[in-house]
Amino acid sequence: MTKTVISIALLMFAAVGTAQTKPDQVMTWNGLHFHDGEEAVKEQMAIAGLPLKASEEKGSFRTEKDYELRLADLRIPFLFKPELSFGPSGLERVTLSLDVEKMVADGAGKLDNLTLAVIAAQDLHNAISSKYAALDQSGACNRATVGSLMNSPGLVHCDERWKGESQTVTVSWSYVPPRPWNQNTSRFSYTLSYRLQASGL
């Protein structure tokens, strides 16, 4: 059962090159293809239960509700806010921003920014690195622990890149510890993005 859950979760992350329908198409997150047009992507996302709406940035669309990613051994799903960006050639970038505020709220007091930062830093790193080849890494990344974040004098960050099937997967997260006089001032953000790999990379 555990292996099945992990496989499903990674499939939602994965870009499966063997499933390309055309030579110039590269499959990315949630079965989408780079270079597909807005209408085709909107239809596919609606079928997946994630209808799109225009965002503030020209050529970009957000889902009307969060995307749930479930990993084995975690009772609650990761909630992401997807944003799809289009250019003249169609879909160019997929960005998933962790909905930290909603996850903490849904945790009913059992989940805070610190705990979520450690879980995301370790579990999401392991899920992604099991699928893609690492390119480079800087910052705390999967070495983040409750102790290291609690005792940090300031901003803790991570930037990682992986090489997928004709695409680059990037993770960027940051954690700011709370001020001594107010434990509710900590901040955490996590972004995962997929971009078509540049020629020659």
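Rules used throughout
- Residues numbered from 1 in each chain as written.
- Predicted model: local features only at pLDDT ≥ 70, side-chain atom pairs only at ≥ 80, totals over all residues.
- Heavy atoms only, no water.
- Helix = DSSP H or I, 4+ residues; strand = E, 2+ residues; numbered from the N terminus.
- Buried < 20%, exposed > 50% of the residue type's maximum accessible area, 1.4 Å probe, protein only.
- Contact = heavy atoms within 4.5 Å.
- Areas by Shrake-Rupley, 256 points an atom, 1.4 Å probe, with all protein chains shown as cover.
- Phe/Tyr/Trp six-rings, centres within 6.5 Å; stacked < 30°, edge-to-face > 60°.
- Salt bridge = Lys/Arg side-chain N within 4 Å of Asp/Glu carboxyl O.
- Pairing = 2+ DSSP bridges.
- pLDDT = per-residue confidence, 0-100.
- Expected span 1.5 Å × (residues − 1).
- Polar contact = N/O pair within 3.5 Å; in protein donor to acceptor, adjacent residues only side chain to side chain.

Details of the overall build of the protein
Of the regular secondary structure elements, the protein holds five helices and nine strands. Tracing the protein from N to C terminus, the helices and strands come up as α-α-β-β-β-β-β-α-α-β-α-β-β-β. Residues classed as buried in the protein amount to 43% of the 201 residues present. Residue pairs in contact within the protein that sit at least 24 positions apart in sequence constitute 48% of those at least 6 positions apart. As presented, the protein carries roughly 10,900 Å² of accessible surface, and 52% of it is formed by carbon and sulfur atoms.

A word on unusual backbone geometry
In this structure, Cys 141 takes a positive phi of about 50° despite not being glycine. Among the secondary structure elements, Cys 141 is positioned in the loop between strand S6 (133-139) and helix H5 (146-150). In this model, Ser 166 sits at a positive phi of 65°, which is unusual for a non-glycine residue. If you trace the backbone, Ser 166 turns up in the loop between strand S7 (156-163) and strand S8 (167-176).

A few points about the environment of Leu 96
Residue position: Leu 96 is located in strand S5 (residues 90-98). With 94 residues separating them in the primary sequence, Leu 96 and Tyr 190 have C-alpha atoms 8.4 Å apart. Discounting residues that sit within four places of it in the chain, Leu 96 has contacts with Trp 29, Phe 80, Lys 81, Pro 82, Tyr 190, Thr 191, Leu 192 and Tyr 194.

Structural notes on the packing of aromatic side chains
By the definition in use, this model includes four aromatic pairs. Residues Trp 29 and Tyr 67 carry aromatic rings whose centres are separated by 5.0 Å and whose planes lie at 90° to one another, so their mutual orientation is edge-to-face. On the criterion of sequence distance, the pair formed by Trp 29 in the loop between helix H1 (2-13) and helix H2 (38-47) and Tyr 67 in strand S3 (residues 67-69) is long-range, its members being 38 residues apart. For the residue pair Trp 29 and Tyr 67, the accessibility class agrees, reading buried in each case.

Describing the pattern of salt bridges
If the charged atoms of two oppositely charged side chains come close together, the side chains can form a pair. Going through the model one piece at a time under the given rule, you end up with five salt bridges. Here Lys 42 makes a salt bridge to Glu 39, at a shortest N to O gap of 3.8 Å. Taken together, the residues Lys 42 and Glu 39, both in helix H2 and three residues apart, mark about one turn of the helix. Judged by relative accessible area, which is 28%, Lys 42 ranks as partly exposed. Residues Arg 62 and Glu 83 are paired through a salt bridge, measuring 3.1 Å at the closest nitrogen-oxygen approach. Of this pair, Arg 62 sits in strand S2 (residues 60-63) while Glu 83 sits in strand S4 (residues 78-87), and the two are 21 residues apart along the sequence.

Details of the pairing of S8
As paired elements, S7 and S8 share eight bridges and run antiparallel to each other. Its bridge partner lying in S8, Lys 163 is registered against Thr 168. Hairpin geometry of S7 and S8 is characterised by an intervening segment of three residues between the two adjacent antiparallel strands and by a positive phi of about 65° at Ser 166. With 10 bridges connecting them, S8 and strand S9 (residues 187-196) associate as antiparallel partners. The residue bridging Trp 173 from the neighbouring strand is Tyr 190, located in S9.

Description of the confidence of the model for the protein
Looking at the protein, pLDDT values average 86 and 85% of them are 70 or higher. Within the model, the stretch residues 1-21 combines pLDDT values under 50 with 40 contacts to residues more than four positions away or in other chains.

Structural notes on helix H4 (residues 113-129)
Spanning 17 residues, H4 covers 23 Å between terminal C-alpha atoms, matching the ideal 24 Å at 1.5 Å per step. Among all positions in H4, only Asn 113, Leu 114, Leu 116, Ala 117, Val 118, Ala 120, Ala 121, Leu 124, His 125, Ala 127 and Ile 128 are buried.

Section: the side chain of Ser 85
By secondary structure assignment, the location of Ser 85 is in strand S4. Of the polar contacts made by the side chain of Ser 85, one reaches the side chain of Ser 60; its length is 3.2 Å. Once you skip the residues sitting within four places of it in the chain, Ser 85 turns out to touch Gly 59, Ser 60, Gly 90, Leu 91, Glu 92 and Arg 93.

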